[in-house]
Amino acid sequence: MNHDAYDDNYIRSILSSVKSIAMIGASPVNVRPSYFAFKYLAQRGYDMIPVNPGHVGKSLLGKPFVASLADIGRPVDMIDIFRNSSHIMPVVDDALTLSPPPKVIWMQLGARDDAAAEKAEAAGLKVVMNRCPKIEYGRLSSEISWMGVNSRTLSSKRAPIPTQGMRLSLNRMSVGGGATAASDRAAKNKSEPT
Amino acid sequence: MTDRLPGFSTLAVHAGAQPDPTTGARVTPIYQTTSFVFNDADHAASLFGLQAFGNIYTRIGNPTTAVLEERIAALEGGTAALAVASGHAAQVVVLQQLLMPGDEFIAARKLYGGSINQFTHAFKSFGWNVAWADPDDIGSFERAVTPRTKAIFIESIANPAGSITDIEPIAEVARKAGVPLIVDNTLATPYLIRPIDHGADIVVHSLTKFLGGHGNSLGGIIVDGGTFDWSKDNKYPMLSEPRPEYHGIRIQETFGNFAFAIACRVLGLRDLGPALSPFNAFMILTGIETLPLRMQKHCENAKAVAEFLAGHSAVASVNYAGLASDKYNKLARKYAPKGAGAVFTFSLRGGYDAGVNLVSNLKLFSHLANVGDTRSLVIHPASTTHSQLDDAAKVRSGAAPDVVRLSIGIEDKEDLIADLEQALSA
Ligand SMILES: Cc1ncc(COP(=O)(O)O)c(C=O)c1O
C-alpha cells in the first residue's frame with residue numbers, strides 16, 4: 001500500500017464498509033478536531049465509540065467514554081487514532097489483541113507510523129495514515145465542496161439533499177485518484193510529520 | 001481499479017458542478033440570497049463553530065460561488081479555493097493571513113500597475129512593507145530576503161509586456177526562505193500555466209480577465225496549493241495559533257492541507273468583507289466552460305498579430321514571448337507550451353504621440369483599461385494604468401512612453417490585422 005497517496009477507491013471502500021468506529025483520544029472539548037470528527041461521523045450514521053481513559057464516567061454526544069479498546073466489549077470495524085505519531089504503536093498492539101480484530105486502523109491528519117502500519121497490514125488490516133475521515137467523507141460525497149474544497153470527484157447525477165443522520169453517496173467519479181496533487185507530494189517531502 | 005484522470009476541458013465544464021439537489025437543474029443555479037436557514041439551533045452552532053460543512057451567509061460562502069471555487073481549484077491542481085469580489089481583493093485577503101504590521105513581502109517589479117500601487121501605497125498603511133525584485137534576476141529575490149519576509153509575489157505572465165517569469169528558481173528561493181510563493185496567474189490562466197506544478201504555494205487570479213473572459217464581471221480568487229506547512233515555526237500565527245474568534249481553534253490542525261483557503265474565508269473574507277456576488281460567480285462559471293477554446297484562439301490570434309507588427313515599418317519592437325526571436329521565448333516554451341498568452345506590448349518609432357494617435361485611430365480595438373476580453377483591446381499604459389509611476393519606474397515595469405499594450409480577442413485575426421494596418425498608416 002502506498003501511504004503517500006491513497007487511491008480514492010481505497011478510502012471509499014473503507015468508509016462505505018465500516019459501521020462502527022472507536023475513536024482513540026476523542027475529546028469532549030468542542031474546539032478540538034477530534035470532537036468535530038466524532039460529531040460529524042456520528043451524524044453521518046456511524047456507530048461511534050469514544051475511547052479516552054481521562055473521561056471515563058462521562059459521555060460524548062450521548063456515547064459513554066471507555067478507557068481502552070478492551071473495554072468496548074463488542075466488535076469494532078475501525079479504530080481512528082487521534083494521537084500523535086509517537087503513540088500509535090501501542091494502540092495497534094492493543095488492537096491486534098482484540099477478537100475479532102478490527103478491519104481498519106486509521107491515523108489522523110498529521111499522524112503517521114510506518115512500522116505500526118506494516119504490523120497491522122501483516123495481520124490483514126487496512127491502514128490509512130495522515131488523513132481525517134471527516135474530510136475524506138466530505139470530499140468523496142462532495143459535501144465539503146460547500147467550502148470551496150476540491151473534492152477531486154465529478155458527478156452528473158442529481159445530488160442528494162444532506163440531512164441529519166443520513167449516509168451520503170460516496171460513489172462519484174474520481175478526478176485525480178489522489179495520486180497527482182502537489183499537496184500529496186508536499187506531504188511526502190515533509191521530513192518530519194508532526 | 002485505478003481512476004481515470006479527466007482532461008482539462010472536462011474539468012472546465014464539470015468540476016464542482018452537479019445537478020441541483022432540489023430541482024434537478026443541470027446548469028448551476030444562481031443562489032441569489034443573502035442567507036440560509038439552519039436546520040435547528042445545534043446545526044447553527046456547528047456551522048458558526050466551523051464544525052460542520054454548510055452555508056450561513058453569502059459574505060462567508062454561497063453555493064453558486066462554491067462551484068466556481070471548486071472548479072478553479074481543480075483546474076489549478078489546488079486543494080481548495082476562495083472567490084472574492086476582485087483580483088485586488090484576493091491579494092489583500094491573502095496577505096492579511098500572512099503579514100503582521102512591520103512584516104515584509106518581496107514582489108516582482110513587473111506587475112499589473114494597479115498591484116504596484118496597492119503594494120506601494122495602500123499596504124503601507126497596514127504596515128506591510130514591499131521589497132521589489134527583478135523577475136529577470138533571481139539573485140535579486142535572494143538578496144531581498146530578511147527575517148521579516150513572509151511571502152514572495154510574482155505574476156506568471158507579467159503585465160503589461162507579457163513577459164514570462166521563471167517560476168521554478170523563484171519557488172526555490174521561497175522554499176529556502178521558508179515562505180510561500182504566491183503567483184498571480186491572471187494572464188496565463190491554468191490552461192496555459194499551472195503554477196502549483198512549478199512550486200507555487202498559493203495562486204491568485206483576477207477572474208475579471210480571461211477566466212470570466214467576456215468583460216462582464218469583476219471577480220477574484222485565491223487557490224490553496226496545499227503545499228505549505230504553516231505550523232513548522234511561529235511565522236504564521238493566523239494558521240498555527242489558537243484563534244480567539246473561533247474559541248481557540250487552530251486552523252491548520254483542523255483543516256490540514258486546505259487550511260490556507262479556510263483561513264482566507266473565515267478570518268479574511270468574513271471580517272474584511274469583499275464577497276463576490278453570486279450573479280458574477282455564475283457569469284464567470286459560464287465563461288470558464290469555454291476557457292480552453294477561447295485561450296487557443298486568443299493565443300493563435302496574438303501570435304499572428306505580433307508577427308504582423310514585427311514586420312511593420314512604423315513599429316520599433318514587439319514584446320511577445322510567443323515570437324521565436326523574443327527574449328522570453330525559451331521560458332514561454334518551457335512554462336507555456338500551448339501559447340504565450342494574448343497580452344503583449346509593442347513600441348512605436350513615433351514615440352508617445354504615435355502611441356496616442358494609434359489608439360485614437362483604431363476602429364475595431366477598444367480603448368479601455370482591461371485585458372482578457374473576447375473583444376480586442378488597446379491601451380497606452382504610460383498615459384493610463386502606469387501614469388502614476390515616474391519615467392524610470394515606467395521603463396522598469398515595461399510601460400515606457402512609446403509602448404502600446406494589446407489584449408487580443410477571439411475575433412477573426414485578418415480583421416484585427418487590417419484594423420492595425422489602417423491605424424498605423426492613418
Ligand atoms: C495581472 C493582474 N492582476 C490583478 C489585477 C486586478 O484585478 P481586479 O481588477 O479584478 O481587481 C489585474 C487587473 O487588471 C491584473 O491584470
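In this text, all values refer to a predicted model and were calculated from it rather than measured experimentally. (Residues numbered from 1 in each chain as written. Chains lettered and ligands numbered in written order. Predicted model: local features only at pLDDT ≥ 70, side-chain atom pairs only at ≥ 80, totals over all residues. Heavy atoms only, no water.)

Comments concerning the packing of aromatic side chains
Residues and elements named next belong to chain B. The criterion, for reference: Within 6.5 Å between ring centres, the rings of Phe, Tyr and Trp (the latter by its six-membered ring) count as paired, and their orientation is classed by plane angle as stacked under 30 degrees, edge-to-face over 60, tilted in between. Numbering of helices and strands runs from the N terminus, with a helix taken as a DSSP run of H or I at least four residues long and a strand as a DSSP run of E at least two residues long. When a residue's accessible area, from a 1.4 Å probe over protein chains only, is under 20% of the maximum for its type it is buried; when over 50% it is exposed; and in between it is partly exposed.
Inspection of the entire model under this criterion finds 20 aromatic pairs over all chains. Taking the centre distance of 4.9 Å and the plane angle of 80° together, the rings of Phe 105 and Phe 119 count as edge-to-face. You can see Phe 105 sitting in strand E2 (residues 104-108) and its partner Phe 119 sitting in helix H5 (residues 113-122), a full 14 residues away along the chain. Residue class for Phe 119 comes out buried when judged on its relative accessible area of 1%.

Let's talk about the domain arrangement of chain B
Residues and elements named next belong to chain B. Which entries qualify depends on this criterion: Domain delimitation in this document rests on an assignment produced automatically or drawn from a domain database. Put simply, buried area is the surface a 1.4 Å probe can reach on two separate parts but cannot reach once they are joined, added for both. The salt bridge criterion pairs a side-chain nitrogen of Lys or Arg with a carboxyl oxygen of Asp or Glu, the two atoms within 4 Å. In this classification, the charged set is Asp, Glu, Lys and Arg, the nonpolar set is Ala, Val, Leu, Ile, Met, Phe, Trp, Tyr, Cys and Pro, and all remaining amino acids, among them Gly, are polar.
By the assigned domains, chain B splits into domain 1 (32-287) and domain 2 (291-425). A combined buried area of about 3200 Å² lies between domain 1 and domain 2, and 61% of that area is made up of carbon and sulfur atoms. Considering only the side of domain 1, the residues that lose the most area to domain 2 are Pro 160, Tyr 191 and Phe 210, jointly responsible for 26% of the buried surface there. Applying the counting rule to domain 1 against domain 2 returns 2 salt bridges. Two residues, Lys 334 and Glu 168, come together in a salt bridge whose shortest N-O distance is 2.8 Å. For the side of domain 1 that touches domain 2, the elements supplying multiple residues, two or more each, are H5, strand E6 (163-164), helix H7 (167-177) and helix H8 (189-192). Of the residues contributing to the side of domain 1 that touches domain 2, the split by class is 16 nonpolar, 14 polar and 6 charged.

A short note on the interface of chain A and chain B
Going by this rule: Note on definitions: a residue-residue contact is assigned when non-hydrogen atoms from the two residues lie within 4.5 Å.
In this complex, chain A contributes 49 residues to the contact, which on the side of chain B involves 57 residues. Between chain A and chain B lies a buried interface of about 4200 Å² when both sides are counted; carbon and sulfur atoms form 56% of it. Where Asp 42 of chain B meets Lys 39 of chain A, a salt bridge forms, and the shortest distance between an N and an O atom there is 3.2 Å. Where the side of chain A that touches chain B is concerned, the elements lending two or more residues are helix H1 (8-17), helix H2 (33-43), helix H5 (133-140), strand E8 (153-154), strand E9 (173-174) and helix H6 (182-189) of chain A. Counted by class, the side of chain A that touches chain B contains 19 nonpolar, 17 polar and 13 charged residues.

Considerations on the nonpolar core
As a rule of thumb, nonpolar side chains are buried together in soluble globular proteins. As a reminder of what qualifies: For this analysis, a nonpolar core means a set of buried residues of the types Ala, Val, Leu, Ile, Met, Phe, Trp, Tyr and Cys, connected via side-chain atoms within 4.5 Å.
Membership of the largest hydrophobic core comes to 195 residues, with the highest contact counts inside it found for Leu 98, Leu 309 and Leu 406 of chain B. Residues in contact with Leu 309 of chain B, not counting those within four places in the same chain, are Val 315, Val 318, Phe 344, Phe 346, Leu 406, Leu 420 and Leu 424 of chain B.

Structural notes on the sheet that holds strand E12 (residues 315-319) of chain B
Residues and elements named next belong to chain B. Definition in use: Pairing between two strands requires that DSSP report at least two bridges joining them. Under this scheme, a helix contributes an axis fitted over its contacting stretch, all axes are lines through C-alpha atoms, and angles between N-to-C directions fall in the 0 to 180 degree range.
The strand order E12-E13-E16-E15-E14 describes an open sheet built from 5 strands, whose pairing is mixed. Edge positions in the sheet fall to E12 and strand E14 (366-367), since each has one partner strand and no second. Where E12 lies against strand E13 (residues 343-348), 4 bridges are found, and the strand directions are antiparallel. By the bridge assignment, Val 315 is partnered in E13 with Leu 348. Packed onto the sheet, helix H15 (residues 351-361) meets E13, E14, strand E15 (377-379) and strand E16 (403-407) and runs at close to 125° relative to E13.

Here's the deal with the side chain of Ser 407 of chain B
Residues and elements named next belong to chain B. Under the convention used in this document: Any N or O atom pair separated by 3.5 Å or less is treated as a polar contact, with the protein-specific requirement of one donor-capable and one acceptor-capable atom, and with residues adjacent in sequence counted only for side-chain atom pairs.
Within the fold, Ser 407 resides in strand E16. A polar atom in the side chain of Ser 407 sits 2.9 Å from the backbone nitrogen of Gly 372. Excluding residues within four positions of it along the chain, Ser 407 makes contact with Phe 210, Ala 342, Val 343, Val 371, Gly 372, Asp 373, Arg 375, Ser 376 and Leu 377.

Here's the deal with the UniProt feature "modified residue: N6-(pyridoxal phosphate)lysine" (unreviewed entry) in chain B
Residue and element names in this part refer to chain B. We count it as follows: UniProt positions are given in the numbering used here, feature names are shortened, and annotations may be inferred rather than shown by experiment.
The positions UniProt marks with the feature "modified residue: N6-(pyridoxal phosphate)lysine" (unreviewed entry) are Lys 209. Note on Lys 209: relative accessible area 15%, which makes it buried. Beyond its immediate stretch of four places on either side in the chain, Lys 209 contacts Thr 186, Asn 370, Val 371 and Gly 372.

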